[in-house]
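# Observations on chain architecture
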Amino acid sequence: MKHRKFIIITILILNCQLSIVNSLAQMSIEMCYEKAQANYPLIKQYDLIEQSKTFNIAVTQKNWLPQLSLTGKASWQSDVTTFPEKFLEMVDNMGITDIAFPTKDQYNVALNLSQVLWDGGMMVTQKKMAAANADVSRAQTEVNLYALYHQVNQLYFSILSLNEQIKQNQLFVEELERNYKIIESYIENGIALRSDLDNVKVSILDAKQRATEMRSYQKAGMAVLSAFIGEPIATPTDLIRPQLTEAESNIENRPELRLFFAQNKQFDIQSQMLYTKGMPRISLFATGALGNPGLNMFKSGFTPYFMGGLNLSWNFGGLYTMQDDKRNFANLQKNIEIQKEVFLFNTNQKLTQQNADIEKFNELLKQDDEIIELRAKIKSTAAAKVENGTLTVSDYLRDVTNENMARQVKAVHELNLLQTVYQLRIECGQLTIKN
């Protein structure tokens with residue numbers, strides 16, 4: 001008795017473990033979305049964008065550090081500074097003979113130090129520009145990744161649709177096989193002919209051929225979906241059939257809109273840079289050098305010297321083209337607005353069509369139930385007529401096939417409705433890219 005209880009408990013534990021393993025093996029469409037996104041090579045670009053942004057901002061900030069440079073020069077010139085001849089004669093008459101003049105070959109080595117005090121806002125704008133460029137790149141990557149959802153959606157529901165059709169086809173085969181046995185008894189009683197049995201056999205083989213084709217398509221779809229998500233899908237039952245939920249027709253969260261916003265912001269900052277380029281630059285400078293001659297041109301030989309002070313530079317060249325550049329950026333922003341309007345128009349058209357499709361499939365499903373009910377009644381009546389010898393087996397097989405096709409059509413309509421609802425969710429931007 002104790003041994004029997006132990007076996008029962010063991011079996012229950014094993015069944016629980018198997019059910020847990022099976023539940024873990026199953027995968028929802030949301031999981032496929034997430035896994036496809038994480039597995040797609042483009043996801044690595046987020047890290048590169050962030051690294052590039054950090055690098056560019058760091059480089060810009062280093063421009064505030066003191067800049068040190070070493071310069072050297074060796075030259076020969078055709079003439080040097082000297083006194084007029086009359087002045088030299090007067091100096092000679094005065095007995096002064098120790099006046100030296102620079103030689104035509106001159107040398108200079110200098111260590112220069114500069115520190116920016118004000119750059120007209122250029123470095124601040126450059127940091128903003130680095131962040132804006134990163135935002136545009138990130139938004140563009142998000143748009144590209146968002147397109148994955150459409151592909152996963154198509155593959156996922158194609159597999160589920162084929163799975164439902166295969167199930168209905170299997171039920172059809174089983175019903176034909178039952179009819180095969182019934183017709184065998186009819187032949188013995190003289191109600192049916194051997195050719196009727198052959199017709200049933202042909203219908204069974206045709207149904208099995210369709211099942212083979214559908215399994216082949218299904219296998220190919222699972223292979224492609226496995227490649228997208230980076231995990232094997234062993235059987236169609238690994239995919240969970242989603243629940244039918246309502247989708248909101250609101251596209252405010254689409255990544256394309258974030259891209260348009262980021263691009264507009266990018267052009268705004270580029271316009272700001274036009275002003276900073278036209279601003280003056282003020283900096284401190286210090287120079288320590290060794291030159292022949294030094295600062296005193298009348299002292300021969302290598303002489304060290306030092307120089308320091310303020311430096312002002314103002315380039316007016318950017319002012320000539322500022323208005324043209326501003327008009328160019330304004331045109332680019334208008335182009336972004338046009339692209340945004342086109343996107344909103346096309347997306348709203350898709351939403352309208354998809355909402356109409358949802359209504360259509362809901363209505364078709366109501367009609368499918370009525371058609372299946374009527375087909376079942378017709379099949380039952382036909383079966384009774386065959387048994388009474390008032391209807392041929394071929395006509396009965398046609399009614400059996402019609403009922404099966406009606407059930408397959410309903411299964412397809414159910415999956416079409418689900419797919420359209422999830423497609424509407426994608427168009428509305430209800431799915432988010434994780435980065």
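Bear in mind the structure is a predicted one, so any value in this text is a computation, not a measurement.

### Structural notes on the overall build of the protein chain
Secondary structure summary: the protein chain contains nine helices and four strands in total. Each helix and strand of the protein chain, ordered N terminal to C terminal, gives the series α-α-α-β-α-β-α-α-α-β-β-α-α. Relative to its full complement of 435 residues, the protein chain shows a buried share of 35%. Counting contacts in the protein chain only where the partners sit at least 6 residues apart, residues at least 24 apart contribute 85% of the total. Element-wise, carbon and sulfur atoms account for 58% of the exposed surface of the protein chain, whose accessible area totals about 26,400 Å².

### So, the confidence of the model for the protein chain
The predicted model of the protein chain averages 84 in pLDDT, with 90% of residues at 70 or higher. Looking at the elements of the protein chain, mean pLDDT is at its lowest for helix α1 (residues 2-25), recorded as 44, and at its highest for helix α6 (residues 194-229), recorded as 91. Overall, residues 5-24 carries pLDDT values under 50, and its contacts beyond four positions in sequence, including any with other chains, amount to zero contacts.

### Brief notes about the nonpolar core
Counting 28 residues, the largest nonpolar core has C32, Y33, Y156, F157, L225, I229 and L239 as the members making the most contacts within it. At the level of secondary structure, the elements contributing two or more residues to this core comprise α2 (29-39), α5 (122-188), α6 and α9 (393-427). Here the element with the most residues in this core is α5; it accounts for ten residues. The next biggest cluster of nonpolar side chains, apart from the first, holds 16 residues, and it includes F172, V173, L197 and V386.

### Here's the deal with the sheet that holds strand β1 (residues 67-76)
Taken together, four strands build an open sheet; the order of strands is β1-β2-β3-β4 and the sheet is antiparallel. This sheet does not close on itself; its edge strands, each paired only once, are β1 and β4 (303-313). This sheet shows a mean twist of 20° between the axes of neighbouring strands, independent of strand direction. Where β1 lies against strand β2 (residues 105-118), ten bridges are found, and the strand directions are antiparallel.

### What to know about the layout of surface pockets
One number sums up the size of the largest pocket: a volume of about 200 Å³. Lining the largest pocket are 14 residues, and of these K73, Q106, N108, N292 and P293 sit closest to its centre. Residue assignment for the lining of the largest pocket shows that the elements contributing at least two residues are β1 and β2. Sort the elements by how many residues they give to the lining of the largest pocket and β2 lands first, with three residues. Of the residues belonging to the lining of the largest pocket, the class tally is six nonpolar, seven polar and one charged.

### So, the side chain of S28
Mapped onto the elements of the fold, S28 is located in the loop between α1 and α2. With near-sequence residues (within four places) excluded, S28 lies in contact with Y156 and I240.

### Quick notes on the pattern of salt bridges
For the structure on display, the rule yields 19 salt bridges. Across the pair D135 and R138 runs a salt bridge whose closest N-O atoms are separated by 2.9 Å. Of this pair, D135 and R138 both sit in helix α5, separated by three residues, roughly a single helical turn. Through salt bridges with shared partners, a single network forms among E164, K167, R241 and E414.

### Some details on the side chain of D238
Within the secondary structure, D238 is located in the loop between α6 and α7 (255-277). Polar side-chain contacts of D238 include one of 3.0 Å to the backbone nitrogen of A234.

### Quick look at the packing of helix α8 (residues 317-388) against α9
Running from amino to carboxyl end, α8 crosses α9 at an angle of 160°, the nearest separation of the two axes being 8 Å. The angle between the axes of α8 and α9 places the two elements in the roughly antiparallel class. The hand of the α8/α9 crossing is left-handed. Looking at the contact of α8 with α9, its residues break down into 20 nonpolar, nine polar and twelve charged.

### Quick look at the packing of α7 against α8
Close contact between α7 and α8 brings their axes to 10 Å; oriented N to C, the two are set at 175°. On the basis of their axis angle, the class for α7 and α8 is roughly antiparallel. On α8, the residues that touch E256, L257, F260, Q263, N264, F267, D268, Q270, S271, L274 and Y275 of α7 are M322, D325, K326, F329, L332, Q333, I336, E337, Q339, K340, F343 and L344. Its residues assigned to classes, the contact of α7 with α8 comprises eleven nonpolar, six polar and six charged.

### Some points on the packing of aromatic side chains
Counted by the stated rule, this structure contains seven aromatic pairs. Consider the rings of Y156 and F157, whose centres lie 5.8 Å apart with planes at 70°: the pair is edge-to-face. As far as burial versus exposure is concerned, Y156 and F157 are alike and both buried. By way of ring pairs, the aromatic residues Y33, Y146 and Y149 are connected into one cluster. Above the face of the F361 ring, K360 is positioned so that its terminal group lies 4.6 Å from the ring centre.

Rules of the game
Residues numbered from 1 in each chain as written. Predicted model: local features only at pLDDT ≥ 70, side-chain atom pairs only at ≥ 80, totals over all residues. Heavy atoms only, no water. Helix = DSSP H or I, 4+ residues; strand = E, 2+ residues; numbered from the N terminus. Buried < 20%, exposed > 50% of the residue type's maximum accessible area, 1.4 Å probe, protein only. Contact = heavy atoms within 4.5 Å. Areas by Shrake-Rupley, 256 points an atom, 1.4 Å probe, with all protein chains shown as cover. pLDDT = per-residue confidence, 0-100. Core = buried A, V, L, I, M, F, W, Y, C linked by side-chain atoms within 4.5 Å. Pairing = 2+ DSSP bridges. Axes fitted to C-alpha atoms, helices over the stretch in contact; angles between N-to-C directions. 1 Å grid on protein atoms, 1.4 Å probe; cavity = no way out; pocket = protein on both sides within 12 Å on 5 of 7 lines; lining within 4 Å. Points joined across faces, edges and corners; volume = space filled by probe spheres on them. Nonpolar A, V, L, I, M, F, W, Y, C, P; charged D, E, K, R; others polar. Salt bridge = Lys/Arg side-chain N within 4 Å of Asp/Glu carboxyl O. Polar contact = N/O pair within 3.5 Å; in protein donor to acceptor, adjacent residues only side chain to side chain. Parallel < 35°, antiparallel > 145°, perpendicular 65-115°, else oblique. Left-handed = near helix turned anticlockwise from the far one by under 90°. Phe/Tyr/Trp six-rings, centres within 6.5 Å; stacked < 30°, edge-to-face > 60°. Lys NZ or Arg CZ within 6 Å of the ring centre and 35° of its normal.

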